[in-house]
Amino acid sequence: KYPEMLSGIKKEMKKVRYEQSKIKNLDVDIILEKIKSIMETEKAFTDEDISLSGLAEELEITSHQLSQILNEKLNQTFPQFINEYRITEAKKIMLEEKKRAILSIAFAVGFNSKASFNRAFKQITGITPQQFRKNYS
């Protein structure tokens, strides 16, 4: 009924939530660089079992800290963050290996089902993997 009021309440709740910030004493820029390196060099996103806690442990921070960094600095949840890397890699593979099966690509980039791959692909790109392949082949 009152969307402006609800929006204001959500903003205030977010402020309060991070008032006692868990990342105040961290060098967030260095952590973001490490995350980028882990994702781009090691392609950690291809591990279907990747988890917030596992990545946080590798970064030597808590899962709460990693979650807060992703939320505040990248405006993404952990699944959104991982899926963005996965879909970017999937698009690259689709362009390079035009005959490779879409399901094979989905598994290669870390998804464990075609449905979750298709859902994430469409959410991020606005089109299905099949449409992407058709448009860019």
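Quick caveat: nothing in here was measured; it's all calculated off a predicted structure.

A.B. asks: Would you mind going over the nonpolar core in detail, with residue names and values included?
C.D. replies: Ranked by internal contacts, the top residues of the largest apolar core, which has 20 residues, are Met-39, Leu-59 and Leu-66. When contributions to this core are tallied by element, the ones reaching two or more residues are α2 (28–40), α3 (52–59), α4 (63–74) and α5 (78–96). Sort the elements by how many residues they give to this core and α2 lands first, with five residues. The residues touching Leu-59, leaving out its near neighbours within four places in the chain, are Ile-31, Lys-34, Ile-35, Ile-38 and Leu-66.

A.B. asks: Outline the pattern of salt bridges, supporting the account with residue identities and numerical values.
C.D. replies: Here the structure, examined in full by the defined rule, presents two salt bridges. Where Glu-89 meets Lys-43, a salt bridge forms, and the shortest distance between an N and an O atom there is 3.0 Å. Taken as a pair, Glu-89 in helix α5 and Lys-43 in the loop between α2 and α3 lie far apart in primary sequence, 46 residues in all. Its relative accessible area of 28% is what places Lys-43 among the partly exposed residues. In this structure, the salt-bridge partner of Glu-97 is Arg-100, at a minimum N-O distance of 3.3 Å. Taking relative accessible area as the criterion, Glu-97 reaches 35% and is therefore assigned partly exposed.

A.B. asks: How would you explain α4 if you had to name every residue and give the values?
C.D. replies: Here α4 is 12 residues long and its end C-alpha atoms lie 16 Å apart, about the 16 Å a rise of 1.5 Å per residue gives. Of the positions making up α4, those classed as buried are Gln-65, Leu-66, Gln-68, Ile-69 and Leu-70. Lining the buried residues of α4 we find α2, α3 and α5. Asn-75 occupies a position one or two residues after α4 and carries a positive phi of about 55 degrees.

A.B. asks: Please give an account of the packing of α2 against α4 that cites residues and values.
C.D. replies: Two elements in contact, α2 and α4, have axes whose closest approach is 11 Å; the angle formed by their N-to-C orientations is 95 degrees. It follows from the interaxial angle that α2 and α4 lie roughly perpendicular. Residue-level contacts link Val-28, Ile-31, Leu-32 and Ile-35 of α2 to Leu-66, Ile-69, Lys-73 and Leu-74 of α4.

A.B. asks: Explain the environment of Asn-75 residue by residue, including any values.
C.D. replies: By secondary structure assignment, the location of Asn-75 is in the loop between α4 and α5. According to the relative accessible area criterion, Asn-75 is exposed, its value standing at 64%.

What counts and how
Residues numbered from 1 in each chain as written. Predicted model: local features only at pLDDT ≥ 70, side-chain atom pairs only at ≥ 80, totals over all residues. Heavy atoms only, no water. Core = buried A, V, L, I, M, F, W, Y, C linked by side-chain atoms within 4.5 Å. Buried < 20%, exposed > 50% of the residue type's maximum accessible area, 1.4 Å probe, protein only. Helix = DSSP H or I, 4+ residues; strand = E, 2+ residues; numbered from the N terminus. Contact = heavy atoms within 4.5 Å. Salt bridge = Lys/Arg side-chain N within 4 Å of Asp/Glu carboxyl O. Expected span 1.5 Å × (residues − 1). Axes fitted to C-alpha atoms, helices over the stretch in contact; angles between N-to-C directions. Parallel < 35°, antiparallel > 145°, perpendicular 65-115°, else oblique.

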